[in-house]
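Spelled out from the first residue to the last, the chains are:
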Amino acid sequence: MTHTSPKVQLFALDGHGAARAAELQEFSVTPESTDAGVFGFAWVHCGTDRDAAAAELALFHLDHFVIDALTADETRPRSTVHGDGVIINLRGVNLNEGSDPEDMISVRLWVEQGRIIGVWKRPLKAIADMFDAMDRGKAPETPGDFIAKLSLRLSDRAEPIVAALNEEIDTLEDTLADGTLSEARRTLADIRHTATVLRRYMFPQRDALTTLEIEDVSWLLPQDRSRIREAADRVTRMAEELDAIRDRAQIVQDQIMDQRAEAMNRQMLLLSIVAAIFLPLGLLTGLLGVNVGGIPLAQNPWGFAIVCVILGVVCAGQIWLFKLMKMFDS
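Source: prediction; values computed, not measured.

1. As for the packing of aromatic side chains
Overall, the coordinates contain five aromatic pairs when judged by the stated rule. An angle of 25° between the planes, with centres 5.3 Å apart, marks the rings of Trp-43 and Phe-131 as stacked. In this pair, Trp-43 is assigned in strand β3 (residues 41-46) and Phe-131 in helix α3 (residues 125-135), connecting sequence segments 88 residues apart. This pair shows no difference in class: Trp-43 is buried, exactly as Phe-131 is. Members of the aromatic cluster, joined through ring pairs, are Phe-11, Trp-43, Trp-120, Phe-131 and Phe-146.

2. Considerations on the packing of helix α6 (residues 222-288) against helix α7 (residues 303-324)
Each pair of packed helices can be described by the angle between their axes along with the distance between the axes. Remark: α6 packs on α7, axes separated minimally by 10 Å, with the N-to-C direction vectors making an angle of 155°. Judged on the interaxial angle alone, α7 and α6 are roughly antiparallel. The handedness of the crossing between α6 and α7 comes out as right-handed. Contacts from Ile-273, Ala-276, Ile-277, Pro-280, Leu-281, Leu-284, Thr-285 and Leu-288 of α6 reach α7 at Val-307, Leu-311, Val-314, Cys-315, Gln-318, Ile-319 and Phe-322. When grouped by side-chain class, the residues that make up the contact of α6 with α7 number 13 nonpolar, two polar and no charged.

3. Topic: the confidence of the model for the protein chain
Of the residues in the protein chain, 88% have a pLDDT of 70 or more, and the chain-wide mean is 83. Across residues 1-6 the pLDDT falls below 50, and counting only partners more than four positions away or on other chains, this stretch makes 14 contacts in the model. Counting contacts from residues 33-37, a segment whose pLDDT is below 50, to residues more than four positions away or on other chains yields three contacts.

4. Digging into the environment of Val-307
Tracing the chain through its elements places Val-307 in helix α7. Through-space distance from the C-alpha of Val-307 to that of Thr-285 is 8.6 Å; in sequence the pair is 22 residues apart.

5. Details of the pattern of salt bridges
A full pass over the atoms with the stated rule returns 14 salt bridges. The shortest N-O distance in the salt bridge between Arg-234 and Asp-156 comes to 2.4 Å. Of this pair, Arg-234 sits in helix α6 while Asp-156 sits in helix α4 (residues 143-175), placing them 78 residues apart in sequence. On the basis of relative accessibility, which here comes to 13%, the residue Arg-234 falls in the buried class. When salt bridges with common partners are traced through the structure, they connect Asp-145, Lys-149, Arg-227 and Glu-230 into a single cluster.

6. Observations concerning the pairing of strand β2 (residues 19-22)
Relative to β2, strand β1 (residues 8-13) runs antiparallel, the two sharing four bridges. Residue pairing in the sheet places Leu-13 in a bridge with Ala-19 of β2. In textbook terms, the turn of a hairpin is the stretch between consecutive antiparallel strands, and for β1 and β2 this stretch comprises five residues, one of which, Gly-15, has a positive phi near 85°.

7. Observations regarding a nonpolar patch on the surface
Together, Leu-284, Leu-297, Trp-302, Ile-306 and Ile-310 make up a nonpolar patch on the protein surface, roughly 460 Å² of accessible area in all. If you trace the backbone, Leu-297 turns up in the loop between α6 and α7. Given the relative accessible area of 34%, Leu-297 is considered partly exposed.

8. Concerning the nonpolar core
Counting 61 residues, the largest nonpolar core has Trp-43, Ile-88, Leu-109, Leu-150, Met-202, Leu-242 and Ile-245 as its most contacted members. At the level of elements, β1, β3, β5 (85-92), β6 (105-112), α3, α4, α5 (181-214) and α6 are the ones that each hand at least two residues to this core. Counting residues per element, this core draws most heavily on α4, at twelve residues. Ala-22, Val-66, Ile-87 and Ile-117 belong to the second largest nonpolar core, which has 17 residues in total.

9. Topic: α4
Taking 1.5 Å per residue, 33 residues should reach 48 Å; α4 reaches 49 Å between its end C-alpha atoms and fits that length. Of all the bends in α4, the greatest, near 25°, is centred on Ala-158, and the proline Pro-160 appears no more than four residues after it.

10. Overview of the side chain of Arg-91
By the secondary structure assignment, Arg-91 is in strand β5. Judged by its relative accessible area of 9%, Arg-91 is buried. Other than its neighbours up to four places away in sequence, Arg-91 contacts Glu-74, Thr-75, Pro-77, Met-104, Ile-105, Ser-106, Leu-154, Tyr-201 and Gln-205.

11. Quick look at the pairing of β3
The buried count for β3 comes to six of six residues, which makes it a mostly enclosed element. Residues Phe-41, Trp-43 and His-45 of β3 are buried on one face, and the alternating residues Ala-42, Val-44 and Cys-46, pointing to the opposite face, are buried as well. Judged from the six bridges that link them, β1 and β3 form a sheet pairing that is antiparallel. Note on β3: the bridge partner recorded for Leu-10 is Val-44. Of the pairings in the sheet, the one linking β3 to strand β7 (residues 115-119) comprises five bridges and is parallel in character. Across the sheet, residue Ala-42 finds its bridge partner in β7, namely Arg-115.

Definitions and limits used
- Numbers given for residues are sequential positions, taken from 1 along each chain in its written order.
- The predicted origin of the model limits local features to residues at a pLDDT of at least 70 and limits the giving and counting of side-chain atom pairs to 80 or more, whereas totals for whole chains, interfaces and linings rest on all residues.
- As a convention, hydrogens and water are excluded, and side-chain values are obtained from all of the structure's heavy atoms.
- Any two of the Phe, Tyr and Trp rings considered here, Trp counted by its six-membered ring, make a pair once their centres fall within 6.5 Å; the pair's planes then place it as stacked at under 30 degrees, edge-to-face at over 60, or tilted in between.
- The helix count covers DSSP runs of H or I at least four residues long, the strand count covers runs of E at least two residues long, and both are numbered beginning at the N terminus.
- Three exposure classes are used, based on accessible area relative to the maximum for each residue type with a 1.4 Å probe and protein chains only: buried under 20%, partly exposed in between, and exposed over 50%.
- Lines fitted to C-alpha atoms define the axes, with helix axes restricted to the stretch in contact, and inter-axis angles between N-to-C directions lie between 0 and 180 degrees.
- Here the angle decides the label: under 35 degrees means roughly parallel, over 145 means roughly antiparallel, 65 to 115 means roughly perpendicular, and every other value means oblique.
- Crossing handedness is defined as follows: a turn of the near helix away from the far one that is anticlockwise and smaller than a right angle gives a left-handed crossing, while the clockwise case is right-handed.
- In what follows, a contact means two residues having at least one pair of non-hydrogen atoms within 4.5 Å.
- Here the nonpolar group is Ala, Val, Leu, Ile, Met, Phe, Trp, Tyr, Cys and Pro; Asp, Glu, Lys and Arg are the charged ones; every other residue, Gly included, is treated as polar.
- Each residue carries a pLDDT score, the predictor's confidence in it, ranging from 0 to 100.
- Salt bridge, as used here: a side-chain nitrogen of Lys or Arg that lies within 4 Å of a carboxyl oxygen of Asp or Glu.
- For two strands to count as paired, DSSP must find a minimum of two bridges between them.
- Here the term patch refers to residues with relative accessible area over 30% and no salt bridge, with like charges joined within 9 Å and nonpolar side chains (Val, Leu, Ile, Met, Phe, Trp, Tyr) within 5 Å.
- Method for areas: the Shrake-Rupley scheme with a 1.4 Å probe, in which residue coverage is limited to the protein chains shown.
- Think of a nonpolar core as a cluster: buried Ala, Val, Leu, Ile, Met, Phe, Trp, Tyr and Cys residues, connected wherever their side-chain atoms sit within 4.5 Å.
- In this scheme, a helix's expected span is set at 1.5 Å multiplied by one less than its residue total.
- Axes are fitted to the seven residues ending at a residue and to the seven starting at it; the angle between these axes is taken as the bend at that residue.

Pasting the structure below:
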């Protein structure tokens, strides 16, 4: 099978784990006339360009509501029943080289008895996993099984990202004592951004899978519903972990702010002590520097030395007083 992404890829799945690449002429483009003896169901993998995808989808006699849903510019995870079919939008982490995981890739599916039609704009590792499973003879057996396996693959790919965020938070908490606040703040901002964006899609994805599980569609078998429920549970756990990561990040942020406030308070205290020491000294020197008659020691050759000694005594007395008040221990 071809693992690249040409405009249209067609696969015939026999419903027993086997799959093969197929041509459009091999089976009808309408699900009602599908010959179950030839294959169990078809998977149509459509191209990336919006206009091209719309033209390709028109070959399969889909109505405008379905085509618009599959080619929309922006999508959020959802599950919508339309006749005996379901429009399913899911999201997967972006593991393509040079991309950010939180720049999640949308998966748009139209699922009905006998066929699955999917549209996505960028390569997705979970889809590559599905291709690999088909090569090994482990293809989905039913449309519902396809949804369940794809959802679980999306979770498999997302879980290491969530685990990495947890490890980064652990490392950040351990290194806070080193005083590298600027680096910690940058790392923390990245963690919070990633967790927030991932969480934005995880809860709607859970709701989409949970809604699909209870929908009354004829082609969704009990075992499929059970697998979809499992996928929804895994998405729920990841969403809860992302919530916990955001809470921990807030705690770390509070610790960083406390450390910054403490450092600033110490600097302000030091400046206050220096100002308090030099304030009376400046007062004395200012009085002695007044250019009027009657300045003490003005005619004494030892006057400057005596004044310096007096200033030293005053400074030492102030330092002793501050130590007595334990200001230097704060």
